[in-house]
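Each chain is listed here by its residues.
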Amino acid sequence: MLPAFIVIFLVIIYPLLDTIVTSFFRFFLTDDRGREFIGLENYRFMLTSTEFWKGFLNTMLYVGGTVVGEFILGFALALLVNFQYKGKSTVNTLFFVSWIIPSVVVALITKYLFFDHYNGIVNVVLKELGIIKDYVPWLKSTTLAMPTLIIATIWKMFPFMFVLMYAGLQAIPIEEIEASKIDGAGAWARFFLITLPNMQNIIVLATILEFIWQFQYMTVIWTTTKGGPVDATTTLPVLIYRISFKGSMNMGYASTMGVFWLVFLLFFSMLYIRLVSRKEEE
Amino acid sequence: MKNSARTARIIGRTFRIILIIVLLGICLLPIYWMVITSFKMQEEIFSVPPTFFPKKFTVKNYLSIIVGDISASIKFLTYFKNSIIVAISTVAVTLLLATPAAYAFSRIPFKGKKNLIYFVLVSQMLPIVIILIPIYRSFLKLSLVSTYPGLVLSYMVFTLPFSIWILKGYFDGIPRELDNAAKVDGCTRMQTMIKVILPNVTPGLTAASIVVFIQSWDEFMISLTLMDKDSMRTLPVGIIQSFVGQFTIKWGEMMAASVITTIPVVILFMFLSTYLIGGLTAGAVKG
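Moving on, we get to the overall build of chain A. A tally of helices and strands in chain A yields twelve helices and two strands. Taken from the N to the C terminus, the helices and strands of chain A come in the order α-β-β-α-α-α-α-α-α-α-α-α-α-α. Looking at chain A as a whole, 42% of its 282 residues qualify as buried. Look at the contacts in chain A between residues 6 or more apart in sequence, and 69% of them connect residues 24 or more apart.

A few words on the overall build of chain B. Along the backbone of chain B there are 13 helices and zero strands. The order of α-helices and β-strands along chain B, N terminus first, is α-α-α-α-α-α-α-α-α-α-α-α-α. In summary, chain B has a C-alpha radius of gyration of 24 Å against a globular reference of 19 Å for 287 residues, an excess of more than 25%. Judged by the C-alpha coordinates and their principal axes, chain B covers about 80 × 75 × 35 Å.

Here we come to helix H7 (residues 145–170) of chain A. Think of an α-helix as 3.6 residues a turn; residues three or four steps apart then line up on the same face. Under the 1.5 Å per step criterion, the end-to-end length of H7(A) is 38 Å for 26 residues, consistent within 8% with the ideal 38 Å. Across the 26 residues of H7(A), 21 count as buried, placing the element largely inside the fold.

Our next topic: the domain arrangement of chain B. A common way to report how large an interface is uses the accessible area buried once the components associate. Residue and element names in this part refer to chain B. Along its sequence, chain B is organised into domain 1 (2–38) and domain 2 (60–286). Across the boundary between the two partners, domain 1 contributes four residues, which contact seven residues of domain 2. Each residue belonging to the side of domain 1 that touches domain 2 can be placed in one class, and the counts come to two nonpolar, two polar and no charged.

Before going further, it helps to examine the environment of A:His117. In this structure, A:His117 sits in the loop between helix H5 (103–113) and helix H6 (121–128). It is 8.3 Å that separates the C-alpha atoms of A:His117 and A:Val136, two residues lying 19 residues apart in sequence.

This paragraph deals with the nonpolar core. The biggest cluster of nonpolar side chains holds 153 residues, and the ones touching the most others in it are A:Phe162, A:Ile240, B:Ala98, B:Ile128, B:Leu132 and B:Val211. The element best represented in this core is H7(A), accounting for 16 residues. Setting aside residues up to four positions removed in sequence, B:Val211 forms contacts with B:Ile166, B:Leu276, B:Gly279 and B:Leu280.

On to the confidence of the model for chain A. Residues shown with low pLDDT carry predicted positions that ought not to be read at fine detail. Per-residue confidence for chain A gives a mean pLDDT of 89; residues scoring 70 or more make up 97%. Taking the mean pLDDT of every element in chain A, the minimum, 84, falls on helix H8 (residues 174–182) of chain A and the maximum, 96, on helix H3 (residues 50–81) of chain A.

So, on to the confidence of the model for chain B. Averaged over chain B, the pLDDT score is 86; the fraction of residues at 70 or greater is 92%. Two summary scores accompany this predicted model of the complex, namely pTM at 0.91 and ipTM at 0.90.

Attention now moves to H8(A). A small share of H8(A) lies buried, amounting to zero of its nine residues. Phi for A:Gly184, located one or two positions after H8(A), is positive at around 85°.

Residue and element names in this part refer to chain B. At their nearest, the axes of helix H6 (residues 128–141) and helix H7 (residues 148–172) sit 11 Å apart, and the two run at 150° to each other. On the basis of the axis angle, H6 is roughly antiparallel to H7. Considering how the two elements wind past one another, H6 and H7 form a crossing that is right-handed. Across from Ile128, Ile131, Ile135 and Phe139 in H6, the residues of H7 making contact are Gly150, Ser154, Val157 and Phe158. Of the residues assigned to the contact of H6 with H7, the class counts are six nonpolar, two polar and no charged.

Here is what the cut-offs are and how they apply
- Residues numbered from 1 in each chain as written.
- Chains lettered and ligands numbered in written order.
- Predicted model: local features only at pLDDT ≥ 70, side-chain atom pairs only at ≥ 80, totals over all residues.
- Helix = DSSP H or I, 4+ residues; strand = E, 2+ residues; numbered from the N terminus.
- Buried ≥ 20, exposed ≤ 12 C-beta atoms within 10 Å, placed from the backbone.
- Contact = placed C-beta atoms within 7 Å.
- Rg over C-alpha atoms; globule rule 2.2 N^0.38 Å.
- Expected span 1.5 Å × (residues − 1).
- Domains from an automatic or database assignment.
- Nonpolar A, V, L, I, M, F, W, Y, C, P; charged D, E, K, R; others polar.
- Core = buried A, V, L, I, M, F, W, Y, C linked by C-beta atoms within 7 Å.
- pLDDT = per-residue confidence, 0-100.
- Axes fitted to C-alpha atoms, helices over the stretch in contact; angles between N-to-C directions.
- Parallel < 35°, antiparallel > 145°, perpendicular 65-115°, else oblique.
- Left-handed = near helix turned anticlockwise from the far one by under 90°.

Right under this line is the structure:
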């Protein structure tokens, strides 16, 4: 027990405290003068910065888009495969495969599939089908880069949602389903009266976990567009990474964004869990 | 009347199965495209319209990254070796630390232990890009930058809380009578855990191991930041940093590198997929 806590202190608690303290300081790694206490100056700067709010908006787009997409796809798929047929477990396993594909490989495949030239297969297929006239520069367009990355991320991440939803469906007491059938409830009524209420807790947990993870997730963005073109895909982690490890290495300001992020996620999850969680029936 | 209902059911079933096959095809298509491209000749990759099956199979792309260009190939094998070392060490260290902690959370009554799920949730909220900075600075002082122990230690940020959670779920499933019986037989808590409980939670340990392996195999940002030296880079960072620049448009080589990067996790998954999926869902379903 103890060793785990030493490590947790060393790599989680101490860096967290250091981040909170640093957010009140003027601190550039490139500047030899070291730290200088400036109170809330970093916070004032952040809250009035358009770059920050643009990054925050991009994060909400990216995270919202991927979580909603994953949830709809994962839940629909779990309902679709939830009946008896031969080879079901193999099919379920195959649907899970994209989750284990390394993120950089997802990024390379995305770059390749959505290549804006004559051999980008997405363009070729869409043109063949007559949906587009000219080749579309997916990842180089300020409007299309974000949707493209959202699609790529959904593809990588939805299997997690799928297996959780599927496991949730298996956990619904069979008596409840049978009873509702005897009562003559149709498929829709059964879905809203039996399936959804029984799934509520697992849906809340799965979506909140994905929301928190996606907030963090920047590998596919960093390795395809580096946040571009023109900041169109710059989410908060990308922005923080750029501020702290590139250029002037403004640690104080980057830490301030980190604190904002943590506080935002804490409030968001608390609110979300309180609003949608089913009250435990005592 | 009865017959038409049966026909309707059969049609519904058939429709469902067709839909499943189509969706599965769409999900696997990108992987198929990656594999097939890695075996194509450069000319064929650029041919219009693209071919859905290589006219001429070639392993040239693989040879070119493994034995072809001397400097690049040595690097590729080094990156691969680094990734294997880091992933396996991360699994070992995580399990060593998480197992006793999870056992404690499951068995020893102490205040706030019901809140483990909240601790796990909050730990996942920490912006890794930002706590990387203090970690990087303290690692500089401790000479842990660009070392395996440093990277493995920093991976505990995301592997430890989640593994504790997964393992606790499995410990909870072991009846306490087993603990009590061991106690009566004179086992200490440590002995009980190692000799009596652990053999019963091998599915949990397997599940946690494979989750941690996949996570550390996949990790990019921490490795990018902490592994300054090129010779210490892991595979994901190595590919992006040195290959992409070098083979800007050589899709064949890039897809071959992608396939090799994917193979280890696919092999693990082929044998252990039930454990992995079981582990991911076990903790969550119980909530």
